[in-house]
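Architecture at a glance
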Amino acid sequence: MKAPFYNRRSFFLAAGAAGLAAQAPLGLLSPARAAGQFAPTQTMRGGSNNYRPNAPLVDSLGSGFLISGMVRRAGDGAPLQGVRIQIWAATTLGGEREPRNHGSVLTAADGSFRLEMEQIVPNFGQPHAHLAYDDGAYKTVFLRPVMPSPSDTSLATEFVLAPA
């Protein structure tokens, strides 16, 4: 009996098939999205730093950097319209405490939001933004996503809100 012939192609095909087979059962166990369920977003440490209650609704805070995202209801993942999201960051205009670096936006019918602002710059060594939901119908959530690079010009995030 002749030994089977293996080459790079057969190795990668076999490895890919094994990887798919190994991933299938794990995907079924994912608690965050199993059977249409969405787990609530947890508040991030440091997210509430320099927060200002009731930051004004704004159309923009400058140009050059885009923050966008989605807001959904925990459980079924339904998009939430008219939800107020506050955004602030250290930018080329100044630090996080600078009033012109704070603003709020409302989500659209599909749960999306977006705000253009000046370029975010590193603060305490990290380029990051702050986003908050705190209007009372849902549990308060503060996010502090860190960007991989100070040269990034956009940031996207998602809120999944649980009833208060």
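Note that the structure is predicted; figures quoted are calculated from it, not measured.

Side note on the packing of aromatic side chains
Two aromatic rings, taken as a pair, are described by how far apart their centres are and by the angle between their planes. On inspection of all chains with the given rule, the structure shows four aromatic pairs. Both rings, one in Y133 and one in Y138, keep their centres 6.1 Å apart while their planes meet at 70°; by these two values the pair is edge-to-face. Owing to a relative accessible area of 2%, Y133 belongs among the buried residues under this scheme. An aromatic cluster of three or more residues is present, and its members are Y51, W88 and F142.

Some details on the side chain of Q119
Within the secondary structure layout, Q119 lies in the loop between β4 (112–117) and β5 (122–123). Within the structure, the side chain of Q119 is placed 3.2 Å from the backbone oxygen of P150, a separation counted as a polar contact. A distance of 2.8 Å separates a polar side-chain atom of Q119 from the backbone oxygen of D152. Leaving out residues up to four positions away in the same chain, Q119 has contacts with S63, G64, F65, A90, T91, T92, P150, S151, D152 and T153.

As for the nonpolar core
With 24 residues, the main nonpolar core has I67, I85, I87, F113, L131, F159 and L161 as its most contacted residues. For this core, the secondary-structure elements that each account for two or more residues are β1 (65–73), β2 (84–89), β4, β7 (129–133), β8 (141–143) and β9 (154–161). Aside from chain neighbours lying at most four places away, what touches I85 is V71, G103, S104, V105, T107, F113, L131, A132, Y133 and F159.

Re unusual backbone geometry
The bulk of non-glycine residues show a negative phi, and the bulk of peptide bonds are trans. Its identity is not glycine, yet N54 carries a phi of approximately 60°, on the positive side. Among the structural elements, N54 can be located in the loop between α1 (8–29) and β1. Even without being a glycine, F124 presents a positive backbone phi close to 55°. Locating F124 in the fold gives a position in the loop between β5 and β6 (126–127).

A closer look at the confidence of the model for the protein
When pLDDT is averaged along the protein, the result is 84; 78% of the residues meet or exceed 70. Confidence over residues 1–32 falls short of pLDDT 50; this stretch has five contacts with residues more than four positions distant or in other chains.

Observations concerning the sheet that holds β1
Reading across from one edge, β4-β1-β9 is the order of the three strands in this open sheet, with mixed pairing throughout. Each end of this open sheet is capped by a strand with a single partner; those strands are β4 and β9. Averaged over all pairs of adjacent strands, the angle between strand axes in this sheet comes to 20°, irrespective of strand direction. As paired strands, β1 and β4 are joined by six bridges and run antiparallel to one another.

Overview of the pattern of salt bridges
Two side chains of opposite charge can pair, provided their charged atoms sit close to one another. This model, assessed by the stated rule, comprises three salt bridges. We note a salt bridge from R72 to E158, for which the minimum N-O separation is 3.7 Å. Note that R72 is positioned in strand β1 and E158 in strand β9, a separation of 86 residues in sequence. For the salt bridge of R100 with E98, the shortest nitrogen-to-oxygen distance reads 3.5 Å.

What about the side chain of Q86?
Of note, Q86 is situated in strand β2. Within the local environment of Q86, its side chain forms a polar contact with the backbone oxygen of R52, the two atoms lying 2.8 Å apart. One polar contact links Q86 to H102, side chain to side chain, over a distance of 3.5 Å. In this structure, Q86 is in contact with Y51, R52, N54, A55, H102, G103, S104, H130, L131 and A132, ignoring residues within four places of it in sequence.

Definitions and cut-offs
- Residues numbered from 1 in each chain as written.
- Predicted model: local features only at pLDDT ≥ 70, side-chain atom pairs only at ≥ 80, totals over all residues.
- Heavy atoms only, no water.
- Phe/Tyr/Trp six-rings, centres within 6.5 Å; stacked < 30°, edge-to-face > 60°.
- Buried < 20%, exposed > 50% of the residue type's maximum accessible area, 1.4 Å probe, protein only.
- Helix = DSSP H or I, 4+ residues; strand = E, 2+ residues; numbered from the N terminus.
- Polar contact = N/O pair within 3.5 Å; in protein donor to acceptor, adjacent residues only side chain to side chain.
- Contact = heavy atoms within 4.5 Å.
- Core = buried A, V, L, I, M, F, W, Y, C linked by side-chain atoms within 4.5 Å.
- pLDDT = per-residue confidence, 0-100.
- Pairing = 2+ DSSP bridges.
- Axes fitted to C-alpha atoms, helices over the stretch in contact; angles between N-to-C directions.
- Salt bridge = Lys/Arg side-chain N within 4 Å of Asp/Glu carboxyl O.

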